[in-house]
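# Chain and residue survey
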2 protein chains.
Amino acid sequence: MQSTDRVAFEIDEADVPAGCQACGARRFGICSALKAAELTHFSTVTRRRKIAQGETIYFEDDEVANYANIVAGAVKLTKLLSDGRQQIVGLQFAPEFIGKPFTEKVPVSIEAATDVEVCVFPKTELEKMLRQQPDFEHRLLEQTLVQLDDARTWMVTLGRKTAQEKVASFLLLLADHIGKPSADNPAHSEFMLPLKRADIADFLGLTLETVSRQMTKLRKMGAIDIRKNLEVTVHGTEQLVAISGGE
Amino acid sequence: MQSTDRVAFEIDEADVPAGCQACGARRFGICSALKAAELTHFSTVTRRRKIAQGETIYFEDDEVANYANIVAGAVKLTKLLSDGRQQIVGLQFAPEFIGKPFTEKVPVSIEAATDVEVCVFPKTELEKMLRQQPDFEHRLLEQTLVQLDDARTWMVTLGRKTAQEKVASFLLLLADHIGKPSADNPAHSEFMLPLKRADIADFLGLTLETVSRQMTKLRKMGAIDIRKNLEVTVHGTEQLVAISGGE
DNA sequence: CGCGAAATTGACTATATTCAAAGCTAGTGG
DNA sequence: CCACTAGCTTTGAATATAGTCAATTTCGCG
């Protein structure tokens, strides 16, 4: 006969819904505020959805009835000016939360930057969880504070950096979020660009031509390598940090 | 003898600490989540402080032991690059909350843009209130979401607007927060600039000369009037909205 | 292989910056 | 009360950086 401890542990683990076990949000996202039993209940009202690159998930000022966690991929948050100029105001990667609680409308458009998989749940359900679980709201506040800090950090990049520094900052941001140590040299970092040049330009407040020129310059300086327009290798982040004008 | 209702009402009102009665944070800030009795307790651990224009309240990455509500005046939140370039990432007016909960360090420098009066309270005390009062945390989350939205809206201005549009956007922001209808024409708006040209430049991602030139241009276009370098009159906001490139 | 989309490169231009000088404004002291 | 100063603002001329428009190349995919 097994010890109660052991049994309890196994039951607990078994209680974690299958779909949640491999999910980043379970461990690092808002779901980490939930206990297995609560998660089980929660998982009955969520559903997985795959979204193709380029699809818009919410339009700016849409009224929304759902929220979601990103399970895989990256989404871009954009804002438009009436004449069509566009600014990407944030990139979000797994396992971050999508949506703005307690308001009718989302103040940004949300679009799949890569193929994306999300875990969707109804607005009402989230708000119920928030009322029942103070921890859950706490977690949400923490994630919001991180996003606020990220936004403000990016404001410095937008307002005060040169084109070259902006591009270097962008590459460092990606290295940080989706970079993997390269096979041959662990000090290097490799990743696929989740955005095309026009989107990078919209994120950096530049034109796509300027982005392209600066990428070329960084390549010629030996700071990075780009293959097939989207496979990037960073040759040591220190050099890139120096070029980026720092934090 | 008075009715119990009447008595209860008077006691309740009388319970609101004297210092809180005229405070904006009491009605619109985070303190509005508190009932009179809780407020009374809270007010025993707060203290008023006056801060002169130009004084720094927190330095970037300082560890802080206090939070505060702005009672009067305006503060600027700034971030620095290592070589000294500066970006103002936010302006806050009464009755907003200052400080970043649950973290050791503030990620921005906070400086009094005008003479400021704040209501200060210890970090530990706020965090205790947050645990005891879910409403309080909820309120804080809502304020943080508003700040996040403000930051993202400003990112569009920084990344995608021209100098002229930036200056117009800035004036509209002020008209919105501290503008008063002018005496002679209610469609006009008047206010004192809380920032000097160099600060406006740091807020808009421009140089102070460019800010000055654009102000002059707006004056010559008849959109605004400036007296003594800091008294501004907006001649109808529609024109300024049109110039600002919109939301 | 060939087509369409995306990226690069080039030549020219526009916008905002830089550097420099002069003009205001408010506060101080004779 | 006026002159003087210090700090800020305005204005000007020259320059640099990024933007625009256009041509060419590369890449992904049928």
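The residue count restarts for each chain, going from 1 along the sequence in the order it is written. Ligands are numbered from 1 and chains lettered from A, in the order in which they are written. For a predicted model such as this one, the threshold for reporting local features is a pLDDT of at least 70, and the threshold for listing and counting side-chain atom pairs is 80 or more; totals across whole chains, interfaces and linings nevertheless cover every residue. Just so you know, side-chain values use all the structure's heavy atoms and leave hydrogens and water out.

### Focus: the interface of chain B and chain A
Contacts were defined at the residue level, with two residues in contact if any of their heavy atoms lie within 4.5 Å. Taken together, the contacts link 44 residues of chain B with 43 residues of chain A. When two parts are put together, the accessible area they lose, computed with a 1.4 Å probe and summed over both, is reported as buried area. Taken over both partners, the interface formed by chain B and chain A buries close to 4,000 Å², and the fraction arising from carbon and sulfur atoms is 63%. The residue Arg85(A) makes a salt bridge to Glu165(B) at a minimum N-O spacing of 2.8 Å. Nitrogen and oxygen atoms within 3.5 Å of one another constitute a polar contact, given that in protein one can donate a hydrogen and the other can accept it, and given that sequence-neighbouring residues count only through two side-chain atoms. At the junction of chain B and chain A, the tally comes to 14 residue pairs in polar contact (both at pLDDT 80 or more). Comment: elements are numbered from the N terminus, with helices defined as DSSP H or I runs of at least four residues and strands as E runs of at least two. Elements with a contribution of two residues or more to the side of chain B that touches chain A: β4 (74-80), β5 (86-93), α6 (134-160) and α8 (197-204) of chain B. Residue contributions to the side of chain B that touches chain A peak at 19 residues, all from α6(B). Considering only residue class, the side of chain B that touches chain A consists of 20 nonpolar, 12 polar and 12 charged. The term salt bridge refers to a pairing of a side-chain nitrogen on Lys or Arg with a carboxyl oxygen on Asp or Glu at a separation within 4 Å. Gly falls in the polar group here, along with every residue not listed as nonpolar (Ala, Val, Leu, Ile, Met, Phe, Trp, Tyr, Cys, Pro) or charged (Asp, Glu, Lys, Arg).

### As for the pattern of salt bridges
A complete count under the given rule lists 26 salt bridges over all chains for this structure. Here Lys79(A) ties to Asp149(B) by a salt bridge, and the two come within 3.9 Å at their closest N and O atoms. Of this pair, Lys79(A) sits in strand β4 (residues 74-80) while Asp149(B) sits in helix α6, each in a different chain. The residues Lys79(A) and Asp149(B) share a single accessibility class, namely buried. Any residue under 20% of the maximum accessible area for its type is buried, any over 50% is exposed, and the rest in between are partly exposed; the area is computed with a 1.4 Å probe on protein chains only.

### Some words on the packing of α6(B) against helix α7 (residues 163-178) of chain B
Residue and element names in this part refer to chain B. α7 packs onto α6 with a crossing angle of 155 degrees between their chain directions and a minimal axis gap of 9 Å. Taken together, the axes of α6 and α7 lie roughly antiparallel to each other. As α6 packs across α7, the resulting crossing turns out to be left-handed. Facing Trp 154, Thr 157, Leu 158 and Arg 160 of α6, the residues of α7 in contact are Glu 165, Lys 166, Ser 169 and Phe 170. Lines fitted to C-alpha atoms define the axes here, with helix axes fitted over just the stretch in contact, and angles between the N-to-C directions of these axes take values from 0 to 180 degrees. Oblique is the label for any angle not covered by the other classes, which are roughly parallel (under 35 degrees), roughly antiparallel (over 145) and roughly perpendicular (65 to 115). A clockwise turn of the near helix away from the far one marks a right-handed crossing, whereas an anticlockwise turn of less than a right angle marks a left-handed crossing.

### Focus: the domain arrangement of chain A
Residues and elements named next belong to chain A. Domain assignment breaks chain A into domain 1 (4-154) and domain 2 (161-243). What counts as a domain boundary in this text is fixed by an automatic or database domain assignment. For domain 1 versus domain 2, the separation of C-alpha centres amounts to 27 Å. At the interface, 11 residues of domain 1 touch 13 residues of domain 2. In total, domain 1 and domain 2 occlude about 1,100 Å² of area from one another, counting both sides; carbon and sulfur atoms represent 71% of this. Its largest share of buried area at the contact with domain 2, domain 1 owes to Leu 91, Phe 93 and Trp 154, together 52% of the area lost on that side.

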